[in-house]
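Residues per chain are reported as follows:
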Amino acid sequence: MPPALCITGPCEICGQPAHGRHFGAISCRACAAFFRRAGKPNSKSQELICSKGNCTVAKDGIFRCKACRLKKCYQVGMNSSKFQTDRDLISNCFQYSNPSKLSSPQSLANFLGRPAMILTCEPENASTSKFVIDLSSLINKAVEVFNDPVYFPSPCNFENSLEKMVWALEDLNAMRFDTKVEFQTRIGQSELFSFWEGTFMKTVKWFSKFPEFMDLPMHVKLEIVKSSWLIWIRLDQQAQTANLQRQQFLGEDWYMSGEGRCMNLKNVEIDLGFISNYSKDQLGACMNLDQFKPWRLSIDELVKLNPTNVELNFMLIQLCLHDAQKKFPGEIRTAIEKLLEIQANNLHDHYVKTMKTPYYSGRLTKMMKILQIVEGDIRRQREIAQLVRVFDLFCIDFSNPEMFEFF
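Scoring rules and cut-offs
Within every chain, residues take consecutive numbers counted from 1 along the sequence as written. Side-chain atom pairs in this predicted model are given and counted only at pLDDT of 80 or more, local residue features only at pLDDT of at least 70, and totals for whole chains, interfaces and linings cover all residues. Where side-chain values are given, they derive from all heavy atoms of the structure, hydrogens and water being excluded. For every element, the axis is a line fit to its C-alpha atoms; helices are fit only across the contacting stretch, and the angle between N-to-C directions ranges from 0 to 180 degrees. Strands here mean DSSP runs of E at least two residues long; helices mean DSSP runs of H or I at least four residues long; both are numbered from the N terminus. In what follows, roughly perpendicular refers to angles from 65 to 115 degrees, roughly parallel to angles under 35, roughly antiparallel to angles over 145, and oblique to any angle outside these ranges. Here, residues are in contact when the closest pair of their heavy atoms is within 4.5 Å. Any residue outside Ala, Val, Leu, Ile, Met, Phe, Trp, Tyr, Cys, Pro, Asp, Glu, Lys and Arg is labelled polar, Gly included; the first ten of those are nonpolar and the last four are charged. For every residue, the accessible area (1.4 Å probe, protein chains only) is compared with the maximum for its type, and the residue is labelled buried under 20%, exposed over 50%, or partly exposed between those bounds. Two strands are said to pair when DSSP picks up at least two bridges between them. A helix is expected to span 1.5 Å multiplied by its residue count minus one. The predictor attaches a confidence to each residue, and that confidence, scored 0 to 100, is pLDDT. Residues belong to one nonpolar core when they are buried, are Ala, Val, Leu, Ile, Met, Phe, Trp, Tyr or Cys, and are joined through side-chain atoms within 4.5 Å. Throughout this description, the term salt bridge denotes a Lys or Arg side-chain nitrogen within 4 Å of a carboxyl oxygen of Asp or Glu.

J.: Explanation requested: the packing of helix H7 (residues 189–208) against helix H9 (residues 218–246) in the structure shown.
T.: Packed helices, taken two at a time, are described by the angle their axes make and the gap between the axes. Direction vectors running N to C along H7 and H9 enclose 95 degrees, while the axes themselves pass 9 Å from each other. When the axis of H7 is compared with that of H9, the two are roughly perpendicular. Within the contact between the two elements, H7 uses Phe195, Trp196, Thr199, Phe200, Lys202, Thr203, Val204, Trp206 and Phe207 and H9 uses Val225, Ser228, Trp229, Trp232, Ile233, Asp236, Gln237 and Gln240. Class assignment of the residues belonging to the contact of H7 with H9 gives a composition of 10 nonpolar, 5 polar and 2 charged.

Right, dumping it as structure tokens:
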């Protein structure tokens, strides 16, 4: 087999060893790269003019004058029409700067107009018509609770509002243990509706024992509760689960799933036929139906921390109000900032005055780590809920959609 053709000799521009024929002339790589930049019609080098007009290459092979070097390139036969702009990434990127040339990659999902996770579904299963769940009765119940006078047991002496909320949560949980704990094996329409109503009202009753919160206008209180009740109950259930697992009353596969109810993830049956025309397997491709799976990390941290009731209530306040603070501007945001400041001072007083623990940064860091884990899970759930809305996977809607930003 004959040897490959190899072009040797000096560069016709600078006299250095050549590396082949570039753009119509034998040249080194340096001169080829120079002409590649300077030879473009819109290059600024095209406008350069040398005062001498006859500069030559230096002994070290370097041209000091760009204008004369470009002139020499043209003289030896280099031609910008030989540029291959479709071969390198730098030039090729200019082709995509024009939106008119862009087109969506053709795929089966694009062709059918449905996401890849439900390609096998029949088109008639899409939820084009929905029935609306009216939540006005729950809102009215919340207004009634907020309008009722707040009573605390007279023998108790509370130092601040954070301690009052500790008593409120303990009282709510004590009411739960008046009934027998149920081992839940199924999640369907009645179970889910019962869970929504029970947990929303529990959140409302807890907030009603928050003195500074109760001083806010009614519409502000309702907006905060509607946007944060699912967040509040999330951490509350995780804390209950962690407490029972720490005492070895629950195994690692058991989780609290509502007031007085717990479930084993391996045995629970989920029936979503009342909210979607798609099957559980089809929905499972885009939804995390095992909502407790991401909880394991935060529950493990709660087990290690073993928070006091004061710390847990502070975490509930921080989680709910910090999330609401990011949503609401103006008046509501200012009110939330004040509430957060008050409770931060109350927690400090609890550590320093009550617990005699002025150095509490270690526990505070662990608490913030747990909140970050929960917030990350909530962000992911909101993204999933957005996909559900975009692709009309559910055949239900809510009269107050802000109450169900995630599930």
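J.: Before we go on, may I ask you to explain the pairing of strand E7 (residues 261–264) in this structure?
T.: Where a strand is regular, its side chains alternate between the two sheet faces. Here E7 shows no split at all, with Arg261 and Met263 on one side and Cys262 and Asn264 on the other all buried. Bridge count for strand E4 (residues 182–184) against E7 is 3 bridges, and the pairing is parallel. Paired with Glu182 across the two strands is Arg261, which belongs to E7. In the sheet, strand E6 (residues 254–258) pairs with E7 via 4 bridges, with the strands oriented antiparallel. The partner of Trp254 across the bridge, within E7, is Asn264. In textbook terms, the turn of a hairpin is the stretch between consecutive antiparallel strands, and for E6 and E7 this stretch comprises 2 residues, one of which, Gly260, has a positive phi near 75 degrees.

J.: What should I look at first to understand H7 in this one?
T.: In an α-helix there are 3.6 residues to a turn, and that puts residues three or four apart on one side. Relative to the 28 Å expected for 20 residues at 1.5 Å per residue, H7 spans 29 Å between its end C-alpha atoms, a close match to the ideal helical length. Restricting attention to buried positions, one finds in H7 the residues Leu192, Phe195, Trp196, Thr199, Phe200, Met201, Lys202, Thr203, Val204, Trp206, Phe207 and Ser208.

J.: Would you mind going over the confidence of the model for the protein with me for this structure?
T.: Summarising the model, the protein shows a mean pLDDT of 80, and 82% of its residues fall at 70 or more. Low pLDDT, under 50, characterises residues 1–6; the predicted model gives this stretch 0 contacts beyond four residues in sequence or across chains.

J.: I'm lost on the nonpolar core in this one. Help?
T.: Side chains that are nonpolar tend, in soluble globular proteins, to be buried together. Residues Phe200, Trp206 and Phe213 are the most contacted members of the largest nonpolar core, which totals 81 residues. When residues no more than four places from it in sequence are discounted, the contact partners of Phe200 are Leu138, Ile139, Ala142, Val225, Trp229 and Met403. In this structure, Cys11, Phe23, Cys31 and Cys73 belong to the second largest nonpolar core, which totals 20 residues.

J.: So what exactly am I meant to see when it comes to the side chain of Thr203 here?
T.: Structurally, Thr203 is set in helix H7. Leave out the neighbours within four places in its chain, and Thr203 touches Trp229 and Trp232.

J.: Explain the sheet that holds E4 to me, please; I cannot follow it from the model alone.
T.: Two modes of strand pairing occur in sheets, parallel and antiparallel, and in both the strands are linked by backbone hydrogen bonds. The 3 strands are arranged E4-E7-E6 in an open sheet whose pairing can be described as mixed. A single partner strand is all that each edge strand has here, and the edge strands are E4 and E6. For this sheet, the mean angle separating the axes of adjacent strands, direction not counted, is 40 degrees.

J.: Looking at this structure, I do not really get the pattern of salt bridges. What am I missing?
T.: Between side chains of opposite charge, pairing is possible as soon as their charged atoms come close. For the structure shown, the criterion picks out 14 salt bridges. Lys226 is paired through a salt bridge with Glu223; the nearest N and O atoms lie 3.5 Å apart. Highlighted residues: Lys226 and Glu223, both in helix H9, separated by 3 residues, approximately one helical turn. The class for Lys226 is buried, based on a relative accessible area of 9%. The class of Glu223 is partly exposed, set by a relative accessible area of 27%. Of the charged contacts in the structure, one is a salt bridge between Glu301 and Lys369, with a shortest N-O distance of 3.5 Å. In this pair, Glu301 sits in helix H11 (residues 295–305) while Lys369 sits in helix H14 (residues 361–390), placing the two residues 68 residues apart along the sequence.

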